[in-house]
Amino acid sequence: MKTIVGKVVVLGHQGVGKTSTVIRYVENSFSQHITPTVGASFFSCKLLIDDITVKLQIWDTAGQERFKAMAPMFYRNANAALIVFDITLRQSFESMQGWVFELKQNVDNPMVLCVVGNKSDLAKNRQVNRDEAIQYAKSIGATYHECSAMHDQGVGLVFDDVARGLIRLLGNSSDHNLKVYDSENIDNIMANSSELEATDTGKEETVNLSINSIAHGNTVKKCC
Amino acid sequence: MSSNLEVEPGAASESVLVTTDSFDNFDHMSSSLEEIKNLNALAENDSNVENSNVENFDEISENLSINNEEDDFVQSKEWACKNKHVFVLSMAGKPIYSRYGNEDKLAWLFGVMQTLVSFVQSNEDTIRSIHAGDTKFVFLIKKPLILVAVSRTQESVNQLCSQLNYVFNQIASVLTLTRLNKIYEQRQNYDLRRLLAGVERLIDHLLDFSEKEPSFTLGAVQCLSLASSVRDNISSAIVGACSKIKNLVFAILLANNKLITLVRMKKYCLHPADLHLIFNLVQASESLKTAESWTPLCLPRFDASGFLYGHVSYLAEDCQACLLLLTVERDVFFALSEAKQRIVEKLRRSNCLEAINESLSAKEETCIVAGFPELRHYLYKCKSTAQFYQPSLTPPYTKYNERLTKLYKRAHNLLHCSTRPLKLLFEKNSDEAILAWDTRGFELYVVFEPLIDTNSAINSVGRLLNWIKKREEKLFHLNAPTF
Ligand SMILES: Nc1nc2c(ncn2[C@@H]2O[C@H](COP(=O)(O)OP(=O)(O)OP(=O)(O)O)[C@@H](O)[C@H]2O)c(=O)[nH]1
Ligand SMILES: [Mg+2]
């Protein structure tokens, strides 16, 4: 039996429901009063698809503009990206395209892309046509899902789709950086986390972004 | 009046917190980040790639739909009657923040404020405050921003100024001062609101917080009461788990607005004003409870020029204390995540989680329980450690907390006003009596029953200081552990 460990980054405009969607999936809960994400939050979960265990390490990023410079830290090594917009907010659909552009520019290794239109419970206030979203997703080689984190509709399918995409990626491409273990015991893999870390940091260094440049795009100078 | 104590309660040979009195300026701003990085200069020659997506100075031409409700609000009596307005604008007069109402609807007002400031500046002077009836207009010019408070509260100009300073620090904390300056060097007319999207929430929360919490007035931090052995165990669990991690600058454990412990890199201290910003962030961000987070964070008093990175998490489902591990490294999330696991395991084994929970659920003793029936409430601040202690509230202040806050702020101002600061104050009115005392080592503010006479008040204060002294190990963080 095989275990795949895949890194997933969740991107999208602020307030579209990235955190709500992840929490709906990972913990099966929802809160109206959730506050905006600070920086990025880390979640993990596992799925069983056919007889392959897929472990997802999810980076749920903050949509606020001020955290934008941090995003490369999370998408550089990702194996999959969930790009989320709010179907009731046209602007969030458009800013999603900015994210896709950035990914295409900066990520070389193959990646599973998944476009998610959230808040489908508010379909009566829809500002983004479903067909348009499907068209767009197709044009960038992504799948498209609509879901409602609030009403728990379609969220499971999103993650299922990501997991299946990762399995396909493993079969189809040679330059993926997915980790594969021939073990049943996922806990052993977790215990062996120094390995995770090595990859996380190792890759990071090659992109040559220091705290200075990631933080504010230039060298820290002493001021005043 | 004198106390018979040799050393004031809560004093320690080395403090975990910086204890300078000046809260206002970055004048003594350290560039600690540079130092730490240079120490570890593995000659990583960063070619500083300017990421063009990152700094896109084009303003969004979001046509803000004119919303009549908003229009009505800023013209309403309700808006005009707010006790304290706070505004932030750029030197060019561009609106950045308004505590109440949409800034866009207040463009005229921002214009007036900018004109006033630049008019006075053109005469090589600085506008500080305007007094009109019971309303104070306080200006704080912190290039490249102008901050203004319009207040009908009884707070002094200094106190209002300190709040404005906090607002400025909050903004610097999310952007860094360096970036803030750079933005305006490049474009004087920049609309900062795009970059501050979501930060209004933090500023709103900070203002409410700074109005209510004595810690802001006192420039100090309250610790969670814990047996000193427990606090030491917690500190050493943190030190043990983190000792191999390089460039960890601070580890902060807090719960319910109180500090449990603070472990720091040798040589570096944390300023209470920075710690207040951290408390504010944690309190305002419920989302931190759901998962481990990784976030850049600038502590303006520590180093306004750059970011630290923080691993932020709550200890456990069954122990709602928040742990922040702050480092200068941007890619050590997983190492810190493991360290956190080790810390939690150790704390669980040594029953420290239980001890934290116990202290959280058992409130501080009230004055009556502590054997001081004539006392209603007090604030004791040890100056050398920037820590303070207060008992639990009792009636009538459980209901009229605001009145108590006002009393303290007034007394604090009388002890700290720049013209004629008092050393000792004793006042009585029909509702209560207050004694405030500023010594070299501590500040004390005590609220008594209204009928108390001077002698008994002085007597109580002496006994109270002894009571605190006896419990200082529990009420204060006296050791200053380092990695
Ligand atoms: N009606 C509806 N509201 C939702 C749904 N999902 C999320 N929300 C609400 O949208 C708001 C924002 O949700 P978050 O999950 O915090 O959004 P986010 O994308 O993580 O936001 P940032 O972390 O700031 O980028 C919250 O008030 C949620 O309750 C949904 O499916 N339907
Ligand atoms: Mg979020």
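Rules used in this analysis
Residues numbered from 1 in each chain as written. Chains lettered and ligands numbered in written order. Predicted model: local features only at pLDDT ≥ 70, side-chain atom pairs only at ≥ 80, totals over all residues. Heavy atoms only, no water. Helix = DSSP H or I, 4+ residues; strand = E, 2+ residues; numbered from the N terminus. Buried < 20%, exposed > 50% of the residue type's maximum accessible area, 1.4 Å probe, protein only. Contact = heavy atoms within 4.5 Å. Donors = N, O, S within 2.8 Å, 3.2 Å for Na, K, Ca; no water. Pairing = 2+ DSSP bridges. Axes fitted to C-alpha atoms, helices over the stretch in contact; angles between N-to-C directions. 1 Å grid on protein atoms, 1.4 Å probe; cavity = no way out; pocket = protein on both sides within 12 Å on 5 of 7 lines; lining within 4 Å. Points joined across faces, edges and corners; volume = space filled by probe spheres on them. Nonpolar A, V, L, I, M, F, W, Y, C, P; charged D, E, K, R; others polar. Core = buried A, V, L, I, M, F, W, Y, C linked by side-chain atoms within 4.5 Å. Domains from an automatic or database assignment. Polar contact = N/O pair within 3.5 Å; in protein donor to acceptor, adjacent residues only side chain to side chain. UniProt positions renumbered as here; feature names shortened; annotations may be inferred. Phe/Tyr/Trp six-rings, centres within 6.5 Å; stacked < 30°, edge-to-face > 60°. Patch = residues over 30% accessible without salt bridge, like charges linked within 9 Å, V, L, I, M, F, W, Y side chains within 5 Å. Areas by Shrake-Rupley, 256 points an atom, 1.4 Å probe, with all protein chains shown as cover. Salt bridge = Lys/Arg side-chain N within 4 Å of Asp/Glu carboxyl O. Near = heavy atom within 4 Å. Lys, Arg positive; Asp, Glu negative; His and termini not counted. Charge placed at Lys NZ, Arg CZ, Asp CG, Glu CD. Left-handed = near helix turned anticlockwise from the far one by under 90°.

I'd like a rundown of the overall build of chain A, residues and numbers included.
If you tally the helices and strands in chain A, you get 8 helices and 7 strands. Within the span of chain A, comprising 224 residues, buried residues form 58% of the whole. If you take every contact in chain A between residues at least 6 apart in sequence, the share linking residues at least 24 apart comes to 75%.

Can you tell me about the coordination of the magnesium ion (ligand 2), naming the residues and giving the values?
Metal coordination angles have textbook ideals: 109.5 degrees for a tetrahedral set of four donors and 90 or 180 degrees for an octahedral set of six. Residue and element names in this part refer to chain A. For the magnesium ion (ligand 2), the full set of protein donor atoms is Thr19 (OG1) and Thr37 (OG1), at a range of 1.9 to 2.0 Å. Linking Thr19 in helix H1 (residues 18-27) with Thr37 in the loop between H1 and strand S2 (40-49), this pair joins segments that are 18 residues apart in sequence. Neither Thr19 nor Thr37 differs from the other in exposure class; each is buried.

With reference to specific residues and values, describe the sheet that holds strand S2 (residues 95-98) of chain B.
Residues and elements named next belong to chain B. On the basis of which strands lie adjacent, the open sheet formed by 5 strands has the order S2-S1-S5-S4-S3 and antiparallel pairing. With partners counted over all chains shown, the strands left at the sheet margins are S2 and strand S3 (129-132), one partner each. The mean angle between the axes of side-by-side strands here comes to 15 degrees, regardless of whether they run parallel or antiparallel. Pairing between strand S1 (residues 84-90) and strand S5 (residues 145-151): 7 bridges, direction antiparallel. Note on S5: the bridge partner recorded for Leu89 is Ile146. Contacts between helix H4 (residues 107-122) and the sheet are confined to S1, S2, S3, strand S4 (135-142) and S5, with S1 contributing the most and set at about 70 degrees to the helix. Lying over the sheet, helix H7 (residues 199-212) contacts S1 and S2, oriented at roughly 45 degrees with respect to S2.

How would you summarise the pairing of strand S14 (residues 424-428) of chain B if you had to cite specific residues and measurements?
Residue and element names in this part refer to chain B. With 5 bridges connecting them, S14 and strand S15 (residues 433-438) associate as antiparallel partners. Paired with Phe426 across the strands is Leu435, a residue of S15. Joining the antiparallel neighbours S14 and S15 is a turn of 4 residues.

Help me get a handle on empty space enclosed by the protein, residues and values and all.
By the definition in use, this model includes 9 cavities of 30 Å³ or more. The volume enclosed by the second largest cavity comes to roughly 120 Å³. In this structure, the second largest cavity is lined by 14 residues; those nearest its centre are Arg66 of chain A together with Ser173, Val174, Leu281 and Leu297 of chain B. For the lining of the second largest cavity, the secondary structure elements donating two or more residues are helix H5 (157-175), helix H10 (272-284) and strand S9 (292-297) of chain B. Here the residues of the lining of the second largest cavity sort into 10 nonpolar, 3 polar and 1 charged.

Can you explain the nonpolar core? Please cite residues and give values.
Counting residues in hydrophobic clusters, the biggest one holds 141 residues, and the most contacted among them are Leu145, Leu192, Ile234, Ile252, Ile278, Trp294 and Leu315 of chain B. Considering every element that reaches this core, the biggest residue donor is H5 of chain B, with 10 residues. Formed jointly, this core draws a minimum of three residues from each of two domains, domain 1 (35-212) and domain 2 (226-361) of chain B. With residues up to four places along the chain from it excluded, the contact list for Leu315 of chain B reads Leu253, Ala321, Leu323, Lys340, Val344, Leu347, Leu353 and Ile356 of chain B. Val8, Ile23, Val162 and Leu178 of chain A belong to the second-largest nonpolar core, a separate cluster that totals 31 residues.

Any details on the domain arrangement of chain B? Residues and values, ideally.
Residues and elements named next belong to chain B. What the domain assignment lists for chain B is domain 1 (35-212), domain 2 (226-361) and domain 3 (375-475). Counting from both sides, the interface comprises 20 residues of domain 1 and, opposite them, 25 residues of domain 2. Joining domain 1 to domain 2, the criterion identifies 10 residue pairs in polar contact (both at pLDDT 80 or more). Elements with a minimum of two residues in the side of domain 1 that touches domain 2: helix H1 (32-39), H5, helix H6 (177-186) and H7.

How would you sum up the sheet that holds strand S16 (residues 442-448) of chain B? Please name residues and give values.
Residues and elements named next belong to chain B. One open sheet holds the 6 strands; their spatial order is S6-S13-S12-S16-S15-S14, and the pairing between them is mixed. With partners counted over all chains shown, the strands left at the sheet margins are strand S6 (221-222) and S14, one partner each. Judged from the 7 bridges that link them, strand S12 (residues 375-382) and S16 form a sheet pairing that is antiparallel. Bridge pairing links Tyr378 to Val446 in S16.

Describe the UniProt feature "domain: FUZ/MON1/HPS1 third Longin" (unreviewed entry) in chain B, and please don't skip the residues or the numbers.
The UniProt record annotates "domain: FUZ/MON1/HPS1 third Longin" (unreviewed entry) at residues 374-472 of chain B. Counting secondary structure, residues 374-472 of chain B comes out at 34% helix and 29% strand; the distance between its end C-alpha atoms is 22 Å.

An account of the packing of aromatic side chains is needed here, citing residue identities and associated values.
A ring pair, where both rings are aromatic, is described by two values, the distance of the centres and the angle of the planes. Residues and elements named next belong to chain B. Enumeration according to the criterion identifies 24 aromatic pairs over all chains in this entry. For the pair Trp294 and Phe333, a centre-to-centre distance of 5.9 Å together with 80 degrees between the ring planes defines the contact as edge-to-face. In this pair, Trp294 is assigned in strand S9 and Phe333 in helix H12 (residues 333-349), connecting sequence segments 39 residues apart. Considered together, Trp294 and Phe333 belong to a single accessibility category, that of buried residues. Ring geometry for Tyr378 versus Tyr389: centroids 6.2 Å apart, planes at 50 degrees, classification tilted.

Before we move on, can you summarise a nonpolar patch on the surface with the specific residues and values?
Residue and element names in this part refer to chain B. On the surface, a cluster of nonpolar side chains totalling about 350 Å² of accessible area is made up of Trp108, Val112, Leu116 and Ile130. If you tally residues by element for the nonpolar patch, the top one is H4, at 3 residues. Relative to the helices and strands, Ile130 resides in strand S3.

Which residues make up the UniProt feature "domain: FUZ/MON1/HPS1 second Longin" (unreviewed entry) in chain B, and what values go with them?
Per the UniProt annotation, the sites labelled "domain: FUZ/MON1/HPS1 second Longin" (unreviewed entry) are residues 246-345 of chain B. Helix and strand shares over residues 246-345 of chain B are 30% and 39% respectively, and the end C-alpha atoms of the span are 21 Å apart.

Residue-level account of the environment of Tyr378 of chain B, with values.
Residues and elements named next belong to chain B. Here Tyr378 lies in strand S12. Taking the C-alpha atoms as reference points, Tyr378 and Phe448, separated by 70 residues in sequence, lie 8.8 Å from one another. Residues contacting Tyr378, with those up to four places away along its chain left out, are Cys367, Tyr389, Gln390, Pro391, Tyr408, Leu444, Tyr445, Val446, Leu464, Trp467 and Ile468.

Before we move on, could you go through the site of ligand 1 and cite the residues and values that matter?
Residues and elements named next belong to chain A. Around ligand 1 sit 22 residues in total, of which Lys18, Thr19, Ser20, Gly63 and Asp121 are the nearest. Contacts to ligand 1 include Gly15, whose backbone N or O atom sits 3.0 Å from an oxygen atom. Contact with the protein chains removes 89% of the 660 Å² of surface that ligand 1 exposes when unbound. If one sorts the elements of the shell around ligand 1 by residue count, H1 sits on top with 3 residues. Each residue belonging to the shell around ligand 1 can be placed in one class, and the counts come to 8 nonpolar, 11 polar and 3 charged.

Please provide a residue-by-residue account of a positive patch on the surface, values included.
A cluster of like positive charges, contributed by Lys244, Arg342, Lys346 and Arg349 of chain B, occupies part of the molecular surface. For Arg342 of chain B, a relative accessible area of 37% gives the class partly exposed.

Lay out the packing of helix H9 (residues 228-242) of chain B against H12 of chain B in plain terms, naming residues and giving numbers.
Residue and element names in this part refer to chain B. Running from N to C, H9 and H12 point in directions that differ by 145 degrees, and their axes come no closer than 9 Å. By crossing handedness, the relation of H9 to H12 is classed as right-handed. Contacts between H9 and H12 involve Ile234, Ser236, Ala237, Ile238, Gly240, Ala241 and Cys242 from the first element and Ala339, Arg342, Ile343, Lys346 and Leu347 from the second. Here the residues of the contact of H9 with H12 sort into 8 nonpolar, 2 polar and 2 charged.

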